[in-house]
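Understanding the architecture of this molecule
Read off the chains here:
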Amino acid sequence: RELTVELGERSYPIYIGEGLLDEAGKLFERHGISKKSPLMIITDENIAGRHLAHLESVLQTAGFAVTSAIIPAGETSKSLRELERLTGIALESGLDRKSAIVALGGGVVGDLAGFVAASYMRGIKFVQVPTTILAHDSSVGGKVAVNHPLAKNIIGAFHQPELVLYDLLTLQTLPEREVKAGLSEVVKHGLIWDAEFVTWCDENAGKLLALDADALGYALYKGCSVKAAVVSKDERENDLRAILNLGHTIGHALEAVAGYNELLHGEAIAIGMIGSAKLGVRLGAPEEVYHVTKRVLSRVGLPVRLPEHLDTDEIMRAMMHDKKFQEGTMVFIVPTAIGTVEINKSVSAALVREIVEELK
Ligand code: NAD
Ligand code: ZN
């Protein structure tokens, strides 16, 4: 499958298919990646042992000069320290203004490598080779960043890739829990935009969990399409991008309170989306919004209840830190039907509290 993302004057292709790593040389060349300047693959330690040699050898055979850099797996690598270290490797390897950085990995590698590409010599070319399901989300929109100890994603830039190459075979080595967590954002893209796709996810959950190539290819294609549609429309309708945060107000609070080790991002927002669905029903959406949301998310293996030991007060406090809180009311992305949401700027905090309690 091939999808073109158009953002402002820039557009770039997303290729999705089985065995695409084998075509990397040809596709890189087609999209203007230079063979005269060295390119640098950035990946993490978990992916390196599985897919790095493959990509290196395909690119070398095609005539590219390749350097690779491996980062420790996990969110803590999205740091200025890692940026500095990778910049050093880039300099030592002779990367110049015509070079490209290739991100082989999930959202962590994509965000960090993308920021290296955005800042090295004031910006060089960038290619994304996503290896997680969640990365369908991070590979569209051009946001790249590292974290500061005081705030996540606070040092960053917009830097669009030249192309995105999604090889479904690389996903076969993903831990099961990461598969499920990634599917959470896929379902989210249906819930905010495309009712038919929600039905499709409901009916094909088993195939998705089994990493069936056709099903997975379609789901990633739809997920990327929705994200691209929302992000490109947002340039005209300010605010629209906010709908991508469905489930995230509660989800971020849960991640903060539970500790990032207990709940993966996708798991936290699954619970958050159930909360938002409950909220939607309380504010007038049909009951099925709640039932369908809960059914789809549980079918793809995600948690739909709040771990009982989490304290409601702490969750509420964490949400209030989440800037969107004002004098007893909160901004919430609320479903009005399956496939449609609204940005409600005056949801009562007391009602949110009730919903959080009900989630246990
Ligand atoms: P991740 O990159 O940490 O990957 C999850 C885990 O899976 C890691 O341990 C990784 O080593 C491992 N892994 C990755 N691919 C593998 C494979 N094919 N086989 C075996 N193991 C593999 O996390 P993620 O969930 O992909 O991304 C999360 C990050 O994405 C966060 O930092 C978040 O801020 C960012 N993000 C960015 C955007 C954006 O618009 N830029 C959007 C959403 C999320
Ligand atoms: Zn998210």
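Residues numbered from 1 in each chain as written. Chains lettered and ligands numbered in written order. Predicted model: local features only at pLDDT ≥ 70, side-chain atom pairs only at ≥ 80, totals over all residues.

Along the chain, L297 falls in helix α11 (residues 288-299). The class for L297 is buried, based on 30 C-beta atoms found within 10 Å. Separated by 110 residues in the primary sequence, L297 and V187 place their C-alpha atoms 7.4 Å from one another. Setting aside residues no more than four positions away along its own chain, L297 makes contact with V187, A270, M273, I274, L302 and V304. (Helix = DSSP H or I, 4+ residues; strand = E, 2+ residues; numbered from the N terminus. Buried ≥ 20, exposed ≤ 12 C-beta atoms within 10 Å, placed from the backbone. Contact = placed C-beta atoms within 7 Å.)

Taken together, 28 residues lie around ligand 1, and N46, G106, G107, V108 and S138 are the ones closest in. Contributing elements (two or more residues each) for the shell around ligand 1: α2 (45-61), α4 (107-119) and α5 (135-138). For the shell around ligand 1, the element with the highest residue contribution is α4, accounting for 4 residues. Here the shell around ligand 1 is composed, by residue class, of 8 nonpolar, 12 polar and 8 charged. (Near = placed C-beta within 6 Å. Nonpolar A, V, L, I, M, F, W, Y, C, P; charged D, E, K, R; others polar.)

Soluble, globular proteins show a tendency: their nonpolar side chains are buried together. In terms of nonpolar packing, the biggest core is built from 109 residues, with I42, I101, V102, L112, V116, V127 and L254 touching the most fellow members. Both domains that meet at this core, namely domain 1 (2-173) and domain 2 (176-358), each give it at least three residues. Those residues in contact with V116, other than ones at most four positions away along the chain, are I42, L83, L86, T87, A90 and I101. (Core = buried A, V, L, I, M, F, W, Y, C linked by C-beta atoms within 7 Å. Domains from an automatic or database assignment.)

Direction of pairing for strand β7 (residues 143-148) relative to strand β8 (residues 151-158): antiparallel, over a ladder of 5 bridges. Pairing of V144 across the sheet is with A157, part of β8. Here β7 folds back onto β8 in antiparallel fashion, the turn holding 2 residues. (Pairing = 2+ DSSP bridges.)

With that settled, the discussion passes to the UniProt feature "domain: 3-dehydroquinate synthase N-terminal" (unreviewed entry) in the protein. Here the UniProt-annotated "domain: 3-dehydroquinate synthase N-terminal" (unreviewed entry) positions come out as residues 70-180. Taken end to end, residues 70-180 comprises 32% helix and 30% strand; its first and last C-alpha atoms sit 25 Å apart. (UniProt positions renumbered as here; feature names shortened; annotations may be inferred.)

Taken domain by domain, the protein holds domain 1 (2-173) and domain 2 (176-358). Facing 21 residues of domain 1, the contacting portion of domain 2 comprises 23 residues. Broken down by secondary-structure element, the contributors of at least two residues to the side of domain 1 that touches domain 2 are β1 (2-7), β2 (10-17) and α5. Counting residues per element, the side of domain 1 that touches domain 2 draws most heavily on β1, which supplies 4 residues. Along the lines of polarity and charge, the residues of the side of domain 1 that touches domain 2 split into 11 nonpolar, 6 polar and 4 charged.

Within the fold, E287 resides in the loop between α10 (265-282) and α11. Along the chain, E287 and A277 lie 10 residues apart, while their C-alpha atoms are 8.9 Å from each other.

So, about helix α6 (residues 176-193). The end-to-end C-alpha distance of α6, which contains 18 residues, comes to 26 Å, matching closely the 26 Å that a straight helix rising 1.5 Å per residue would cover. Of all 18 residues making up α6, 15 are buried, and the element is well covered by its neighbours. (Expected span 1.5 Å × (residues − 1).)

Across the sheet, which stays open at both edges, the 7 strands sit in the order β1-β2-β9-β6-β5-β3-β4 with mixed pairing between neighbours. Of all the strands in the sheet, the pair left with one neighbour each is β1 and β4 (66-71). Direction aside, the axes of adjacent strands within the sheet are offset by 20° on average. Here strand β3 (residues 39-44) runs beside β4; their pairing, made up of 6 bridges, is parallel. Bridge assignment links D44 to a residue of β4, and that residue is I71. Lying on the sheet, α2 is in contact with β3, β4, β5 (100-105) and β6 (125-130); it crosses β3 at an angle near 160°. (Axes fitted to C-alpha atoms, helices over the stretch in contact; angles between N-to-C directions.)

What follows covers the packing of α10 against helix α13 (residues 349-358). Two numbers describe how α10 lies on α13: the axes approach to 10 Å, and their chain directions differ by 125°. When the interaxial angle is binned, α10 and α13 end up oblique. Relative to α13, the crossing made by α10 is right-handed. Counted together, G275, K278, L279 and R282 of α10 and L351, I355, V356 and E358 of α13 form the full contact between these two elements. Of the residues belonging to the contact of α10 with α13, the class tally is 4 nonpolar, 1 polar and 3 charged. (Parallel < 35°, antiparallel > 145°, perpendicular 65-115°, else oblique. Left-handed = near helix turned anticlockwise from the far one by under 90°.)

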